[in-house]
Amino acid sequence: MEQVRFIDLETHSAADNMAIDEAILLSLEKGAVPATLRLYRWKPSAVSIGTFQGMRTEVDVDFCKSHGIDIIRRITGGGAVYHDYKGEITYSIILPKGNRLASSDIPASYGVLCGGIVRALKHLGIDAEFKQINDVIAGGKKISGSAQTRRHSCLLQHGTTLLDLDIRTMFSILKVPQQKISDKMIRDVRDRVTSIHDILGEKAGFKELSKALAMGFSEALEVELVPGKLTKQEKTDASRLAKQKYSSDAWNFLR
């Protein structure tokens, strides 16, 4: 069975999380490390935007700064996402070009890799399914979303699984005027988005979800997860990228 390095649940700042993902890409491109799956949380909570978005167009920057919420631009596409320290686990999987799981058909590759989320939720007792192009739904509502990029001869896909849902904060960090945030808007989101706690109550926490995610990805992708850590070079690259790129206005306010 194919082996994948597994970096179990860690907590980092937004800049460090995005820098680590890119550092792994660089090492994998050189063949210095194997395909890697990692799980992480964001502290402080953060909002990330897709690489083609404009920060001030999508995010209430002043609100985030005044409430201690990190802001960051991803190297993956997609829309703005609120990463609640108390409400989600993010996964990232980095694969070399040509790997059997890294199909050149992008929609198909989303389906394969998101299978890990579907299987993980089933371990928790939640029936879920993949919905094109990059979501996982439970009871007809979104519970996980993912984004992808292909660079450095590799595929990087990362995404969230919602343990809990703080809709008012989510609206506050996005460019929605405060006076327009209404009970109806919140109900509309609750009609489209759900969380593990919405479905199961608080029977499952971070420990249970991280364990389920490890089992889910291993089973769905038919890989053996081998516990591992970042190499010395990856730590060096991540530190450099966090300081020079992901903490800089030049990157985060590129558009």
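Notes on the structure in this doc start here. Since this is a predicted model, take the numbers as computed values, not measurements.

Moving on: the packing of aromatic side chains. With the rule as written, the count across this model stands at three aromatic pairs. Judged by centre distance (5.9 Å) and plane angle (50 degrees), the ring pair of Tyr40 and Trp42 falls under tilted. For the pair formed by Tyr40 and Trp42, the shared burial category is buried. Considering the side-chain rings of Tyr246 and Trp251, the 5.9 Å spacing of their centres and the 80 degrees angle between planes classify their relative orientation as edge-to-face. You'll find Tyr246 and Trp251 in the same group, each marked buried. Over the ring of Phe206 we find Arg41, and its NZ or CZ is 3.5 Å from the ring centre. Above the face of the Trp251 ring, Lys245 is positioned so that its terminal group lies 4.4 Å from the ring centre.

Let's shift gears to the pairing of strand β9 (residues 141-151). Every regular strand shows the same layout, with side chains that alternate between the two sheet faces. Of the pairings in the sheet, the one linking strand β8 (residues 135-138) to β9 comprises four bridges and is antiparallel in character. Across the sheet, Val136 pairs through a bridge with Ser144, a residue of β9. From the end of β8 to the start of β9, which pair antiparallel, there are two residues, and Gly139 there has a positive phi angle of about 60 degrees. Pairing geometry for β9 and strand β10 (residues 154-162), over eight bridges, is antiparallel. Each residue of the ladder has a partner; that of Ala147, found in β10, is His158.

On to the sheet that holds strand β4 (residues 70-73), then. In spatial order, the strands read β4-β3-β5; together these three strands make up an open sheet with mixed pairing. At either end of the open sheet lies a strand with only one pairing partner, and these are β4 and β5 (81-83). Ignoring which end each strand starts from, the neighbouring axes of this sheet average 25 degrees apart.

So, how was this worked out
- Residues numbered from 1 in each chain as written.
- Predicted model: local features only at pLDDT ≥ 70, side-chain atom pairs only at ≥ 80, totals over all residues.
- Heavy atoms only, no water.
- Phe/Tyr/Trp six-rings, centres within 6.5 Å; stacked < 30°, edge-to-face > 60°.
- Buried < 20%, exposed > 50% of the residue type's maximum accessible area, 1.4 Å probe, protein only.
- Lys NZ or Arg CZ within 6 Å of the ring centre and 35° of its normal.
- Pairing = 2+ DSSP bridges.
- Helix = DSSP H or I, 4+ residues; strand = E, 2+ residues; numbered from the N terminus.
- Axes fitted to C-alpha atoms, helices over the stretch in contact; angles between N-to-C directions.

The values are spatial; any link to function lies outside them.
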